[in-house]
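In case you want the letters, here they are:
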Amino acid sequence: MKHEKQKTREGFSSSIGVIAAVLGSAVGLGNIWKFPYVTGANGGAAFILIYLLCLALVGLPVMLSEHLIGRNTKANAVGAFKVLQPRKPWFLVGGAGVLSAFLIMAFYTSVAGWIYAYIFKAASGSLLSTNPQETSLVFKTLVSGVGEPLFWQVVVLLVTGTIIMAGVTKGIERVTKVLMPLLFVLLIVIDIRSLTLPGAAEGLSFLFKPDFSKITVSVVLAALGLAFFKLSVGMGAMITYGSYVGENENLPKMALKVALSDTLVSLMAGIAIFPAVFAFGFEPDAGPPLLFITIPTVFSSMPFGGVFMVLFFVLTAIAATGAMLSLLEVPVAYLTEQHHWSRRNATLLTILGIGLLGSTATLSNSILANITLFGKNFFDFYDFTTSNVLLPLGGIFIALFVGWQWGQSNVYQEISNNGQIANKGLARIFLILVRYVVPVGIILVLLAGLNINIIGFLLKLLGIV
Ligand code: TRP
């Protein structure tokens, strides 16, 4: 059954436009900033293997679930559940997603602000140095300031808000379609430079030679969290984007294409960064500053490095902005559709809220540094709880909804475009994943993250060990 709630709803105008927008949501700071720093902090290659497993078994099925729900209902994250289950509280899943969007944007706009600031620092030449101490100092000075990082965060919010106000097809599609390929080409250039640095081999083996002794529960939790964050899933952003997708789009194929391209971009960012980490004597586990202190040294050691460096930060800023559009779109679509706000007011209220919350993330490196929640400063708290708690929890419910609540025949209809695509086998595998593998897998990892070893407990209960 189709829900023709809004016949005149704006949508993406072409198949390429759809993929560009969904990929534009996936590719962002997650690839260039988060993937390298989380990989570095969790020991390298073994972490990457687990990450790939989480992507395939959990991230991809949740992405497809969101696209199916979104396209079927043509509604926002909250409205979609209300359309499908008007009398049950599933819409709370969408509500939690709207909340997660705020928390993610709080730190995301802060990091995006650092990127914007780096465009100008790169242009002024102050980042041209192959001395780790110097590049670290530039970064520390920026983030421990008050006015400068806040200023850039506001700029980020205004830029993103303006594009969102312009509307879906016009704004999102146009910006992301053209510039993603350019970022890709530039990454190839940096990879070549990084790989030819003396000592690059050590960085490559860090990335690709797994040391399984490094795997702990927190490494697995980090890999799972990154899979959600990377694919923009677990909070309804892909429900919202799915609602703009046309009836003839092959959704499983699209999800697979997006996940593969996104992973390629992450790995290329890793290849840009880790050889340099070892060549210049940085620590791979530097955490969130990693990108900002290593990348300038790579550029500084190549011809025309200053020019390439500016270009790199411009393109990264664009990728980050494209990803943010999908985050901002979640509360905006919710407010306009569920509460009939104008798009303009919905956007303004949302960026105001994010600005207030986000300033606590930005200032957690300066005046709010001493305030901690569960042992983490504001920035780390938002970063950790969204990726490692809220998105996986959202993923469980989205998977359970599609697997057990929506109805098998509805799922088959939507996944095959009403029988137009012969993909019954694939649909069966998908249903097994969302019914069992995704919820059970996430619950085990989350419980283990809370130090509850359920398998050990069960084995003991049964008297096996
Ligand atoms: N995937 C984006 C990145 O890697 C971030 C992002 C955009 C996101 N929209 C999202 C993360 C929705 C979680 C949910 O940078």
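Residues numbered from 1 in each chain as written. Predicted model: local features only at pLDDT ≥ 70, side-chain atom pairs only at ≥ 80, totals over all residues. Heavy atoms only, no water.

**Regarding the overall build of the protein chain**
Scanning the protein chain from terminus to terminus reveals 19 helices and zero strands. Rg of the C-alpha trace for the protein chain: 22 Å, near the compact-globule value of 23 Å for 465 residues, within the 12% margin. With the C-alpha coordinates aligned to their principal axes, the bounding extent of the protein chain is approximately 60 × 60 × 45 Å. When each of the 465 residues of the protein chain is scored for burial, the buried share is 58%. Sequence separation of at least 24 residues holds for 81% of the intrachain contacts in the protein chain that already meet a minimum separation of 6. Accessible surface computed for the protein chain: about 18,300 Å², of which carbon and sulfur atoms make up 69%. When the 28 positive and 19 negative side-chain charges of the protein chain are each reduced to one mean point, those points stand 9 Å apart. (Helix = DSSP H or I, 4+ residues; strand = E, 2+ residues; numbered from the N terminus. Rg over C-alpha atoms; globule rule 2.2 N^0.38 Å. Buried < 20%, exposed > 50% of the residue type's maximum accessible area, 1.4 Å probe, protein only. Contact = heavy atoms within 4.5 Å. Areas by Shrake-Rupley, 256 points an atom, 1.4 Å probe, with all protein chains shown as cover. Lys, Arg positive; Asp, Glu negative; His and termini not counted. Charge placed at Lys NZ, Arg CZ, Asp CG, Glu CD.)

**Thoughts on the site of the ligand**
Neighbouring the ligand are 16 residues; G30, Y108, F229, K230 and S326 lie closest to it. Y108 is positioned such that a nitrogen or oxygen atom in its side chain is 2.5 Å from an oxygen atom of the ligand. Take F229: an N or O atom from its main chain is 2.8 Å from a nitrogen atom of the ligand. Here the ligand, which alone exposes 360 Å², has 100% of that area covered by the protein. Every element with two or more residues in the shell around the ligand is listed here: α1 (15-26), α2 (29-41), α5 (91-124), α10 (217-231) and α14 (305-339). When residues of the shell around the ligand are assigned to their parent elements, the largest contribution, three residues, is made by α14. (Near = heavy atom within 4 Å. Polar contact = N/O pair within 3.5 Å; in protein donor to acceptor, adjacent residues only side chain to side chain.)

**So, the packing of aromatic side chains**
In total, this model carries 26 aromatic pairs according to the counting rule given. Ring geometry for F312 against F313: centres 5.1 Å apart, planes inclined by 80°, an arrangement best described as edge-to-face. In terms of burial, F312 and F313 fall into one category: buried. Taken together, a centroid distance of 5.6 Å and an interplanar angle of 90° make the contact between W404 and Y436 edge-to-face. Taken together, the positions of W404 in helix α16 (residues 378-405) and Y436 in helix α18 (residues 424-449) put the pair 32 residues apart, joining distant regions of the chain. You can call Y436 partly exposed: its relative accessible area is 44%. (Phe/Tyr/Trp six-rings, centres within 6.5 Å; stacked < 30°, edge-to-face > 60°.)

**Quick notes on a nonpolar patch on the surface**
Together, L53, L57, W404, I432, Y436 and V437 make up a nonpolar patch on the protein surface, roughly 590 Å² of accessible area in all. For the nonpolar patch, the secondary structure elements donating two or more residues are α3 (45-73) and α18. Considering the arrangement of structural elements, one finds I432 in helix α18. (Patch = residues over 30% accessible without salt bridge, like charges linked within 9 Å, V, L, I, M, F, W, Y side chains within 5 Å. Salt bridge = Lys/Arg side-chain N within 4 Å of Asp/Glu carboxyl O.)

**With respect to empty space enclosed by the protein**
By rolling a water-sized probe across the atoms, one finds the places where empty space is left. Under the criterion given, the structure shown has one cavity of 30 Å³ or more. In this structure, the largest cavity occupies an estimated 150 Å³ of space. Lining of the largest cavity is provided by 16 residues; of these, S25, Y108, F229, S232 and L327 occupy positions nearest its centre. Contributing elements (two or more residues each) for the lining of the largest cavity: α1, α5, α10 and α14. Its residues assigned to classes, the lining of the largest cavity comprises eleven nonpolar, four polar and one charged. (1 Å grid on protein atoms, 1.4 Å probe; cavity = no way out; pocket = protein on both sides within 12 Å on 5 of 7 lines; lining within 4 Å. Points joined across faces, edges and corners; volume = space filled by probe spheres on them. Nonpolar A, V, L, I, M, F, W, Y, C, P; charged D, E, K, R; others polar.)

**Here we look at the environment of A46**
Here A46 lies in helix α3. Residues A46 and L400, spaced 354 residues apart in sequence, show a C-alpha to C-alpha distance of 29 Å. Other than its neighbours up to four places away in sequence, A46 contacts P210, D211, F212 and I215.

**A look at the pattern of salt bridges**
Taken as a whole and judged by the stated rule, the model has six salt bridges. For the salt bridge of K74 with E247, the shortest nitrogen-to-oxygen distance reads 2.8 Å. Of this pair, K74 sits in the loop between α3 and α4 (77-84) while E247 sits in the loop between α11 (237-242) and α12 (251-279), placing them 173 residues apart in sequence. On the basis of relative accessibility, which here comes to 34%, the residue E247 falls in the partly exposed class. Salt-bridge contacts for K121 lead to E148; the nearest nitrogen and oxygen are separated by 2.9 Å. Here the residue K121 occupies a position in helix α5, and E148 occupies one in helix α7 (residues 147-165), the gap between them amounting to 27 residues.

**Concerning the environment of A317**
Structurally, the position occupied by A317 is in helix α14. When the C-alpha positions of A317 and I119 are compared, they lie 8.5 Å apart, and in sequence the two are 198 residues distant. Look past the residues within four positions of A317 in its chain and what remains in contact with it is I115, Y116 and I119.

**Structural notes on the nonpolar core**
Formed by 153 residues in total, the largest nonpolar core has its most connected members in I69 and F312. In terms of residues, this core owes the most to one element, α5, which gives 18 residues. Excluding anything up to four places from it in sequence, I69 contacts A80, F81, L84, I239, I398, F401, V402 and W406. (Core = buried A, V, L, I, M, F, W, Y, C linked by side-chain atoms within 4.5 Å.)

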